[in-house]
Amino acid sequence: MRIALVLAGGVTFALLAQNARIENLAPFTETPMMVADRMLAMAELRPGEKMFDLGSGDGRIVILAARQYKADATGVEFDPALVKQSLELIKQAGISTLARIIEGDLLKQDYSAADLLTIYLLPIANQRLIPIFEKQLKRGARVVSHNTPLVPWTPEKVETITDDGQGRSHKLYLYRR
């Protein structure tokens, strides 16, 4: 078992990775539903498109993409408890044909079929994903990053949400390959 301390937003998180196989690239932080919806709308997600939410947490973006946008939605999450919770919510929503969760390392997945990727990760995670995206993403694929830009990429659009209803601000970055 490996323990790493990460400072994010002024808070120190202890991250555990069993046998150092999978690294926690972001602490679980719920994306407010209005922000999740704005991420999908900003990317102009269309029915039938393949979208992936990297570090899908409780599955809320995957469920929203499948339920409201009728997208073929996949979440990638390494925490078994969050995977179990997400799968149960997908089952309860009756959207198992459109939504799924992969339990695994988001750095080891194939995103070549993706039309859209949504991410809310630590800056180090984004940096580690850029070479994967550059190799795998097809022309026209979109990436929406919540609060952290994909440096050195240039965003097509940046949107600031000044108040999510709880007094917090958010910045969304839209990229297109």
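Worth saying up front: this structure is predicted, and the values here are computed from it rather than measured. (Residues numbered from 1 in each chain as written. Predicted model: local features only at pLDDT ≥ 70, side-chain atom pairs only at ≥ 80, totals over all residues. Heavy atoms only, no water.)

*Asks:* I'm lost on the nonpolar core in this one. Help?
*Replies:* Note that soluble globular proteins tend to have their nonpolar side chains buried in a common cluster. Core analysis: the biggest nonpolar cluster contains 27 residues, and Leu40, Leu45, Met51, Ala65, Ile90, Leu116 and Val144 have the highest contact counts within it. At the level of secondary structure, the elements contributing two or more residues to this core comprise helix 1 (33-42), helix 2 (60-67), helix 3 (80-93), strand 5 (99-103) and strand 9 (170-176). With 6 residues, the single largest contributor to this core is helix 2. Discounting chain neighbours no more than four positions away, the residues touching Ile90 are Val62, Ile63, Ile95, Ser96, Ala99, Arg100 and Ile101. (Core = buried A, V, L, I, M, F, W, Y, C linked by side-chain atoms within 4.5 Å. Buried < 20%, exposed > 50% of the residue type's maximum accessible area, 1.4 Å probe, protein only. Helix = DSSP H or I, 4+ residues; strand = E, 2+ residues; numbered from the N terminus. Contact = heavy atoms within 4.5 Å.)

*Asks:* Is there a simple way to explain the pattern of salt bridges in this structure?
*Replies:* Pairing between side chains becomes possible if they bear opposite charge and their charged atoms approach one another. Taken as a whole, this structure holds 10 salt bridges when the rule is applied. Lys50 serves as the salt-bridge partner of Asp72, at 2.8 Å between the closest nitrogen and oxygen. Of this pair, Asp72 sits in strand 4 (residues 72-77) while Lys50 sits in strand 3 (residues 50-54); the two residues are 22 residues apart in sequence, bridging distant segments of the chain. Using a relative accessible area of 19% as the deciding quantity, one classes Asp72 as buried. (Salt bridge = Lys/Arg side-chain N within 4 Å of Asp/Glu carboxyl O.)

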